[in-house]
Amino acid sequence: MEQATKLNSMQLFMLKMFEKQLNSKQEKEIKQLLSEYFAKQIDEEMDEIWEKRGLSQKDLEEALVTHKRTKY
């Protein structure tokens, strides 16, 4: 038998926020907002990584053309 997963505080908050039925336009707008939020979080994390490692656009361009696959 599977053990039930306990909802975290954010999940509970979201359930309360969306007790009311939403129309398809509202659902689409909320999905877009959440997507933009998480995309922004990823961008900020990537900027931190780049800064910590001292990476540049040149490093990215070199990585795109470098082949690092294992030869068999």
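Relevant structure appears above.
Residues numbered from 1 in each chain as written. Predicted model: local features only at pLDDT ≥ 70, side-chain atom pairs only at ≥ 80, totals over all residues. Heavy atoms only, no water.

## Overview of the packing of aromatic side chains
- Summed over the entire model, instances satisfying the criterion amount to 1 aromatic pair.
- Note on Tyr37 and Phe38: the rings are 5.1 Å apart at their centroids and 80 degrees apart in plane angle, and the pair reads as edge-to-face. (Phe/Tyr/Trp six-rings, centres within 6.5 Å; stacked < 30°, edge-to-face > 60°.)

## Focus on the pattern of salt bridges
- In this structure the tally under the stated criterion is 3 salt bridges.
- Salt-bridge contacts for Lys25 lead to Glu29; the nearest nitrogen and oxygen are separated by 3.8 Å. A residue pair is termed a helical-turn pair when its members lie 3 or 4 positions apart in one helix, as Lys25 and Glu29 do in helix H2 (residues 24-53) at 4 residues.
- Given a relative accessible area of 57%, Lys25 falls into the exposed group.
- For Glu29, a relative accessible area of 42% puts it in the partly exposed group.
- One salt bridge in this structure joins Glu62 and Lys58, with 4.0 Å as the shortest N-O distance. Within this pair, Glu62 and its partner Lys58 are both found in helix H3 (residues 57-65), separated by 4 residues, close to a single helical turn.
- We classify Lys58 as exposed; its relative accessible area is 55%. (Salt bridge = Lys/Arg side-chain N within 4 Å of Asp/Glu carboxyl O. Helix = DSSP H or I, 4+ residues; strand = E, 2+ residues; numbered from the N terminus. Buried < 20%, exposed > 50% of the residue type's maximum accessible area, 1.4 Å probe, protein only.)

## Let's talk about a negative patch on the surface
- Together, Asp43, Glu45, Asp47, Glu48 and Glu51 make up a region of like negative charge exposed at the surface.
- In this fold, Asp47 is placed in helix H2.
- Note on Asp47: relative accessible area 52%, which makes it exposed. (Patch = residues over 30% accessible without salt bridge, like charges linked within 9 Å, V, L, I, M, F, W, Y side chains within 5 Å. Areas by Shrake-Rupley, 256 points an atom, 1.4 Å probe, with all protein chains shown as cover. Lys, Arg positive; Asp, Glu negative; His and termini not counted. Charge placed at Lys NZ, Arg CZ, Asp CG, Glu CD.)

## Topic: a nonpolar patch on the surface
- Together, Met10, Phe13, Met17 and Phe18 make up a nonpolar patch on the protein surface, roughly 400 Å² of accessible area in all.
- Relative to the helices and strands, Met17 resides in helix H1 (residues 9-17).

## Comments concerning the environment of Glu36
- Along the chain, the position of Glu36 falls in helix H2.
- Judged by relative accessible area, which is 44%, Glu36 ranks as partly exposed.
- Sequence separation between Glu36 and Leu7 is 29 residues, and the spatial gap between their C-alpha atoms is 24 Å.
- Of note is the side chain of Glu36, whose polar atom sits 2.9 Å from the side chain of Gln32. (Polar contact = N/O pair within 3.5 Å; in protein donor to acceptor, adjacent residues only side chain to side chain.)

Function cannot be read off these values alone, since they describe shape.
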